[in-house]
Amino acid sequence: MFVIQIKVGRMENFVYLLGDPLAREGLVVDSGWEIQPILEAAESAGTRIKYVVATHGHFDHTTTLHELAEKCGAEVLIHENSSLGGGRRLRGDDQILVGEESVRVIHTPGHTEDSICLYDGKNLLTGDTLFIGGWGRTDLPGGSAEKLFASLHGSIMKLPDTTVIYPGHDYGRVTHRILGEEARSNKALLARDLKSFLRLSS
Ligand SMILES: [Fe+2]
């Protein structure tokens, strides 16, 4: 699938348009602060937006979710643990079908209870679970360092080294990176056990 990364708003948010270029159908992952750049990207790609998916419920990712979905006749998808209203609920391992392609939902709690990553078999959109050179904070309501460690090591690190990581914020020196490379320098991924990870978080 093609991936278009779009930076929006004043908190360095990245939102994404993922699509099947043949079917000209796609999904938006997070909508952030403003919908215009997303609509423009979809128009340039000649892609109809079928779904608007939230990686988690935090306002900087979801403020315009319903507005965007309404504007393009799309359906909002949110994890079942979300406290946000509206939208169809997702569970871990659900498949979201776009054209001839599919995107798998990976439930990755830790930053929040409703955090998910989206995986198309090559690209992984990590929301606030994993950043380039960093990881999601766990001190906000619903956060858990133990769960984040399990999500990073039990789910994300099980994916192929060649997986391309696309984070929910532009906090790194680069905008995306392959997992194999990230795993060699990101302290959260280098942590060998929960105890070492908790030392990083405290
Ligand atoms: Fe967040």
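Below you will find a few notes about this structure. (Residues numbered from 1 in each chain as written. Predicted model: local features only at pLDDT ≥ 70, side-chain atom pairs only at ≥ 80, totals over all residues. Heavy atoms only, no water.)

### Digging into the coordination of the iron ion
Then step 1. Bound to the iron ion on the protein side are H56 (NE2), H58 (ND1), H111 (NE2) and D128 (OD), at distances that span 2.2 to 2.3 Å.
Then step 2. What the four donor atoms of the iron ion show is an angle range of 89 to 173° at the metal, which sorts the shape as irregular.
Then step 3. Going along the chain, you hit the donors of the iron ion in the pattern H-x1-H-x52-H-x16-D. Here H58, found in the loop between β4 (48–53) and α2 (59–62), pairs with D128, found in the loop between β10 (123–127) and β11 (130–131); they are 70 residues apart in sequence, far enough to count as distant. (Donors = N, O, S within 2.8 Å, 3.2 Å for Na, K, Ca; no water. Tetrahedral: all angles 85-135°; square planar, octahedral: opposite > 155°, others 65-115°. Helix = DSSP H or I, 4+ residues; strand = E, 2+ residues; numbered from the N terminus.)

### Thoughts on the pairing of β4
Then step 1. Pairing between strand β3 (residues 25–29) and β4: five bridges, direction parallel. In the sheet register, V28 faces β4, and the bridge partner there is V52.
Then step 2. Viewed along the sheet, the connection from β3 through helix α1 (residues 36–44) into β4 turns out right-handed. (Pairing = 2+ DSSP bridges. Right-handed = clockwise from strand over helix to strand, strands pointing away.)

### Thoughts on the environment of G9
Then step 1. By secondary structure assignment, the location of G9 is in the loop between β1 (2–8) and β2 (13–20).
Then step 2. As for G9 and K147, which are separated by 138 residues in sequence, their C-alpha atoms are 29 Å apart.
Then step 3. Not counting the four nearest positions on each side in its chain, G9 is found in contact with W33 and E34. (Contact = heavy atoms within 4.5 Å.)

### Considering the side chain of T55
Then step 1. With respect to the helices and strands, T55 occurs in the loop between β4 and α2.
Then step 2. A residue is classified by how much of its surface remains accessible, and T55, at 2% relative accessible area, is buried.
Then step 3. There is a polar contact of 3.0 Å between the side chain of T55 and the side chain of H56.
Then step 4. With near-sequence residues (within four places) excluded, T55 lies in contact with V29, D30, H61, D114, S115, I116 and G127. (Buried < 20%, exposed > 50% of the residue type's maximum accessible area, 1.4 Å probe, protein only. Polar contact = N/O pair within 3.5 Å; in protein donor to acceptor, adjacent residues only side chain to side chain.)

### Details of helix α3 (residues 65–72)
Spacing of three or four residues puts side chains on the same side of an α-helix, whose turn is 3.6 residues.
Then step 1. Those residues of α3 that fall on the buried side of the exposure criterion are L65, L68 and A69. On an axial view of α3, the arc spanned by its buried residues comes to 100°, and they lie on one face. Seen from the buried face of α3, the exposed residues on the opposite side, beyond 90 degrees, are E70 and K71.
Then step 2. The inward-facing, buried residues of α3 abut β3, α1, β4, α2 and β5 (75–79). (Arc of directions from axis to C-beta.)

### Quick notes on the side chain of E182
Then step 1. Residue placement: E182 occurs in helix α5 (residues 179–182).
Then step 2. Judged by relative accessible area, which is 0%, E182 ranks as buried.
Then step 3. A polar atom in the side chain of E182 sits 2.6 Å from the backbone nitrogen of G133.

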